[in-house]
Amino acid sequence: MAGSRRAVFVCCDGLGRNWVRPDTTPVLDDLRQRSLWCDAHSAVFPSVTRVSAASVATGCLPARHGLHGNRMGLIEDGKIVVRDVGNPDFRTHMRRATGGTLLVPSLAERVAKAGGFIGFSNVSPGAAYFLDPEHFGHIYHRAGSYAPGGARIEGTQALEVSHDAAGDWAMTERFCREVREDRRPAAAFLWLADPDHTLHGVPLGSPAHHDALAAAGRCVSEVFRTVGRLREEGEEILLLVGSDHGQETIGAGIAIEDWLAARGLAGLLEAGDVAVAGQGTAALFYATDRGRAPLLGILDEMSRAEWAGEILAGERLGEQGFAALGGVVAAVDMARQGEANPYGVAGRRWVAAEQGKPVPIGSGQHGGWGPDETRPFLMMNDGGRSSGTLQRPTCITDIAPTIARFLGLPGEGFDGKCLTS
Ligand SMILES: [Zn+2]
């Protein structure tokens, strides 16, 4: 395979750009010195993992790939039903309601006949499967691993790892073996659970957060070592290391459905004519033709509620790379106050409480368009040819077109742009 080109992307889920520093992430800071660093890199809206996975995989914004959020409304028998995209069976519901899954091809489809794709993910099943929802490549996840065509991978060939830092490490070792010796695909994604998984239960800047940053750094270091060996063997490898979003601090929670019900919309909520899909620090509002006017009519009052930040409706959703599609009529970014947490990290957010689930006040969260959650990091290492800082705005949708260009594949059909163009 000497002389062939391959690409590797590692995602440190939830690792905000302002945490990439010599004191907090020495491994990433060291790699940054030998890479092209994206200094104005941004998330997509909603800044949640499942949507981000689809945007990384397709190089497109949600308006184009069609996956709305971590939770998403589907029209089922004329009613809006909000479903959790994280569940393994979500794609079945999405296909039944919309006729398909993603509206645009994933990188896995683009490389299917040009060296193939593997994705290893230790986040939710939904986020893993939306890297390649129609099974053009290999997807490895603890809830089930799949070969091209959708056949389930069984036994020792499946991925049995824990949903924590130890699982990330075991997955990374397996990933490196697959990339170097076994599968040797043209494009390979490694999506770590940490630091995101840890931060959902601890404060930003806490010792546990720092441990999670170190654990993610150890995994990146192992991949970088593997890439180095492949380069010594004569392969041309493009290595991208980044994240999907950052995190902010939960200050308080509100059950938005209850707020709407108290203002006369209880019947419409019950009938499935109005629905709320909470996205952590944001929420999407869905309505049928019957629910649209009452919902739009309450937005003015909502904008004055202490829990609501900016509200976008209709075509203004396009400003966030979103679209009024599939019944979405509005979105709210939850309010933010400036004060610091016990570890000196500024910013506390209201979050949309999921019914029946406690709100972990003081822990991390994301989903909206707040200043820290929308700043992931990205660096591109091509063996030393590219270095320095890219000042122009970049987005997680730039990852797929950058890989496509490197592999010599057609560059049409992306919202993102190649980092080197
Ligand atoms: Zn994430």
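Here the structure is a predicted model, which means the values were calculated and not measured.

## Regarding the overall build of the protein chain
Secondary structure summary: the protein chain contains twelve helices and 22 strands in total. A compact globule built from 421 residues should have a C-alpha radius of gyration of about 22 Å, and the protein chain, at 21 Å, falls within 12% of that. Across its three principal directions, the C-alpha atoms of the protein chain cover 70 × 50 × 40 Å. Residue burial in the protein chain is summarised as follows: out of 421 residues, 60% are buried. In the structure as shown, the protein chain presents an accessible area of about 15500 Å², 49% of it carried by carbon and sulfur atoms.

## Observations concerning the sheet that holds strand β15 (residues 308-313)
Across the sheet, four strands lie side by side as β13-β14-β16-β15; this open sheet has antiparallel pairing. Single-partner strands in this sheet number two, and they are β13 (274-278) and β15. For this sheet, the mean inter-axis angle between neighbouring strands, taken without regard to orientation, is 20 degrees. Pairing analysis gives five bridges linking strand β14 (residues 282-287) to strand β16 (residues 328-334), with the strands arranged antiparallel. Of the residues in β16, the one forming a bridge with L284 is A331. Of the strands in this sheet, β13, β14 and β16 are in contact with helix α10 (residues 256-271), which crosses β13 at around 155 degrees.

## A look at the sheet that holds strand β19 (residues 364-365)
Across the sheet, four strands lie side by side as β17-β18-β12-β19; this open sheet has mixed pairing. Two strands bound the open sheet, and with one partner strand each, they are β17 (336-340) and β19. Relative to β19, strand β12 (residues 248-254) runs antiparallel, the two being bridged by two bridges. Counterpart to E248 in the pairing with β19 is Q365.

## Some remarks on the coordination of the zinc ion
Only D13 (OD), D13 (OD), T49 (OG1), D244 (OD) and H245 (NE2) from the protein coordinate the zinc ion, and they sit 2.0 to 2.6 Å from it. Within one chain, the residues donating to the zinc ion are spaced in sequence as D-x35-T-x194-D-H. One end of the pair, T49, is in helix α2 (residues 49-58); the other, H245, is in the loop between β11 (236-242) and β12, and 196 residues separate them in sequence. Per residue, the accessibility class of T49 equals that of H245, and both read buried.

## Observations concerning unusual backbone geometry
For the bond running from F45 to P46, omega is -5 degrees, close enough to zero to count as cis. If you trace the backbone, P46 turns up in the loop between β3 (41-42) and α2. Positive phi outside glycine occurs at H135, with the angle close to 60 degrees. For H135, the location among the structural elements is in the loop between α6 (125-129) and β7 (138-140). Unlike most non-glycine residues, R184 shows phi in positive territory, near 50 degrees.

## Remarks on the environment of L28
If you trace the backbone, L28 turns up in helix α1 (residues 26-33). For L28, the contacting residues outside a window of four places in its chain are L15, V20, V220, V241, F377 and M379.

## What to know about the nonpolar core
Ranked by size, the top nonpolar core spans 43 residues in total, and within it F9, F189, W191, L240, I399, I403 and L407 carry the most contacts. Looking at this core element by element, the count peaks at six residues for helix α12 (residues 399-407).

About the criteria used
- Residues numbered from 1 in each chain as written.
- Predicted model: local features only at pLDDT ≥ 70, side-chain atom pairs only at ≥ 80, totals over all residues.
- Heavy atoms only, no water.
- Helix = DSSP H or I, 4+ residues; strand = E, 2+ residues; numbered from the N terminus.
- Rg over C-alpha atoms; globule rule 2.2 N^0.38 Å.
- Buried < 20%, exposed > 50% of the residue type's maximum accessible area, 1.4 Å probe, protein only.
- Areas by Shrake-Rupley, 256 points an atom, 1.4 Å probe, with all protein chains shown as cover.
- Pairing = 2+ DSSP bridges.
- Axes fitted to C-alpha atoms, helices over the stretch in contact; angles between N-to-C directions.
- Contact = heavy atoms within 4.5 Å.
- Donors = N, O, S within 2.8 Å, 3.2 Å for Na, K, Ca; no water.
- Core = buried A, V, L, I, M, F, W, Y, C linked by side-chain atoms within 4.5 Å.

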